[in-house]
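Residue-level structural notes
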Amino acid sequence: MQASFTASESRQVKEIISVTPRSDGLASAGLDGDETLDRDGPDGAVEIKSLLVELSQHGERLDKWLTVAVGGFSRAYFQQLLEDGAVRIQGREVRKAATRVRAGERVEVELRPTEQAQAFLPESMPLDVVYEDEHLLVIHKPAGLVVHPAAGHWQGTLLNGLLAHHAGAAALPRAGIVHRLDKDTSGLMLVGKSLRAVDALVRMIAARDVHRLYLALAHGPWRGEAEVWVDRPIGRDPRNRLRMAVHAEGSTAAKPAQTRIRRLDGEGAVVLVACKLHTGRTHQIRVHMAWLGCPLLGDGLYGGRPVLGMARQALHAHRLALQHPVTGESLSFASPLPADMAEALENAGLHYNAQQLSGLGPGLPD
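In this report, the structure presented in the accompanying data block is examined. Just so it is clear, the model here is predicted, and its values are computed rather than measured. (Residues numbered from 1 in each chain as written. Predicted model: local features only at pLDDT ≥ 70, side-chain atom pairs only at ≥ 80, totals over all residues. Heavy atoms only, no water.)

Focus: the overall build of the chain
The number of helices and strands found in the chain is 8 helices and 17 strands. The long-range fraction of contacts in the chain, counting pairs at least 24 apart against all pairs at least 6 apart in sequence, stands at 63%. Approximately 17200 Å² of the chain is accessible, and the part contributed by carbon and sulfur atoms is 48%. (Helix = DSSP H or I, 4+ residues; strand = E, 2+ residues; numbered from the N terminus. Contact = heavy atoms within 4.5 Å. Areas by Shrake-Rupley, 256 points an atom, 1.4 Å probe, with all protein chains shown as cover.)

Some remarks on the pattern of salt bridges
Taken as a whole and assessed by the stated rule, the structure comprises 13 salt bridges. A salt bridge links Asp63 to Arg61; its shortest N-O distance comes to 2.9 Å. The buried category is assigned to Asp63, whose relative accessible area is 0%. Between Asp63 and Arg75 there is a salt bridge, with the nearest N and O atoms lying 3.1 Å from each other. Of the two residues, Asp63 is situated in helix H3 (residues 62–70) and Arg75 in helix H4 (residues 75–83); the sequence distance between them amounts to 12 residues. Residues joined in a network through salt bridges with shared partners are Arg61, Asp63 and Arg75. (Salt bridge = Lys/Arg side-chain N within 4 Å of Asp/Glu carboxyl O. Buried < 20%, exposed > 50% of the residue type's maximum accessible area, 1.4 Å probe, protein only.)

Looking at the sheet that holds strand E12 (residues 244–246)
The strand order across the open sheet formed by 3 strands is E12-E11-E13, and the pairing between neighbours is antiparallel. Every interior strand has two partners, whereas the edge strands, E12 and strand E13 (254–255), have only one. On top of the sheet, helix H7 (residues 284–291) reaches strand E11 (234–236) and E12; it is set at about 45° to E12, its chief contact. (Pairing = 2+ DSSP bridges. Axes fitted to C-alpha atoms, helices over the stretch in contact; angles between N-to-C directions.)

Quick notes on the nonpolar core
With 34 residues, the main nonpolar core has Leu158, Leu162, Tyr214, Val273 and Met289 as its most contacted residues. Counting residues per element, the ones that place at least two in this core are strand E7 (136–141), helix H5 (158–165), strand E8 (186–192), strand E9 (211–219), strand E15 (270–277), H7 and strand E16 (315–323). Once residues lying within four places of it in the same chain are set aside, the contact partners of Val273 are Tyr214, Leu215, Ala216, Trp222, Ile261, Arg262, Arg263, Leu264 and Met289. Counting residues in each nonpolar core, the second largest holds 20 residues, with Trp65, Val70, Ala86 and Ala97 among its members. (Core = buried A, V, L, I, M, F, W, Y, C linked by side-chain atoms within 4.5 Å.)

Brief notes about the environment of Arg312
Relative to the helices and strands, Arg312 resides in the loop between H7 and E16. You can call Arg312 buried: its relative accessible area is 7%. Counting along the chain gives 16 residues from Arg312 to Leu296, while the straight-line C-alpha distance between them is 9.2 Å. Residues contacting Arg312, with those up to four places away along its chain left out, are Ala143, Asp184, Thr185, Ser186, Leu297, Gly298, Pro338, Asp340 and Met341. Of note is the side chain of Arg312, whose polar atom sits 2.9 Å from the side chain of Asp340. (Polar contact = N/O pair within 3.5 Å; in protein donor to acceptor, adjacent residues only side chain to side chain.)

Some thoughts on the packing of H3 against H4
Look at H3 against H4: their axes get within 9 Å of each other, and the N-to-C directions meet at 120°. The angle between the axes of H3 and H4 places the two elements in the oblique class. As for how H3 packs across H4, the hand of that crossing is right-handed. Seen from H3, the contacting residues are Leu62, Asp63, Lys64, Leu66, Thr67 and Val70; seen from H4, they are Arg75, Phe78, Gln79 and Leu82. Considering only residue class, the contact of H3 with H4 consists of 5 nonpolar, 2 polar and 3 charged. (Parallel < 35°, antiparallel > 145°, perpendicular 65-115°, else oblique. Left-handed = near helix turned anticlockwise from the far one by under 90°. Nonpolar A, V, L, I, M, F, W, Y, C, P; charged D, E, K, R; others polar.)

Regarding H4
Summarising burial for H4: 7 of the 9 residues are buried, a large majority. Every buried residue of H4 is listed here: Ala76, Tyr77, Phe78, Gln79, Gln80, Leu81 and Leu82. Of the residues flanking the end of H4, it is Gly85, one or two places downstream, whose phi is positive at about 75°.

Observations concerning unusual backbone geometry
A cis amide bond, omega 0°, links Gly220 with the succeeding residue Pro221. If you trace the backbone, Pro221 turns up in the loop between E9 and strand E10 (227–231). Residue Arg174 is not a glycine yet carries a positive backbone phi of 50°. In this structure, Arg208 is a non-glycine residue whose phi angle is positive, near 65°.

Quick look at the structure:
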């Protein structure tokens, strides 16, 4: 389950100190009515709410009932507490959010920080800023940095860094993040710093007015024309929910996806390609390249192998071009290949020339 939390809720739960599970003595404390009990633990205090289910509340879902009975927190927060074993009914641990409460039952809940609730907090980190003004931020994201908190990565994400980078981020949807790069993809990312800019960027991306071009190293051999237009819908792989896959035309489980791919160098075991996104589906370039029979180096999820020192997918967001969402100024940015891809390119005996990108889109060499 992935839960999201508001900034105010994150601050609220931060004040509740998480400790080890409470003693059996507290489980049978025999509190009367709706009471709150604080106890000291090795790391501080836990707030334990003890409440009675009223007749009018009989039959309600437990997570919904907790949201109303305790107040101040979201339903998602209580769902996570349930998963963590922090809720008891009549002294019995309950983990299912859909459990129906019964009139007269005593429910005890330990209010404590969850990893998700603490995810949306500022964390100071170095950001490689390419461009910044009061409305717009362009950064170079290194490989290995997760963009948005999710299961397994609740801290240390780009979102956490943005919340620390400028005060206005806390008031913006997703701290101003309007598109994402996979954890192990490097390169240029756009971030809005004002609500006006965020709204405009979302519209521009949907209208394909933000031009994004990637460089990738892939397994060969390359067959056919030097440039191909891949127009194949992408959806969740029914055989592996961690992957995406090309679906048949007309599939209701997939969305349209178009990628323009140009071979820049190499025809044999390794090829260098430029990929121009015309849509922004999850893993789009990785999926379309695998469908062509040329998975990216290091991309084990889609059939790539860790060769030439590439321990992650060899994909880099190289060029970005757009009109400023507020001023209308034409902006164009380039990010050089990171060290691991540059070394792999050299070891493969391949070469890159920016002029090879001519005609792939605005803001690129003519």
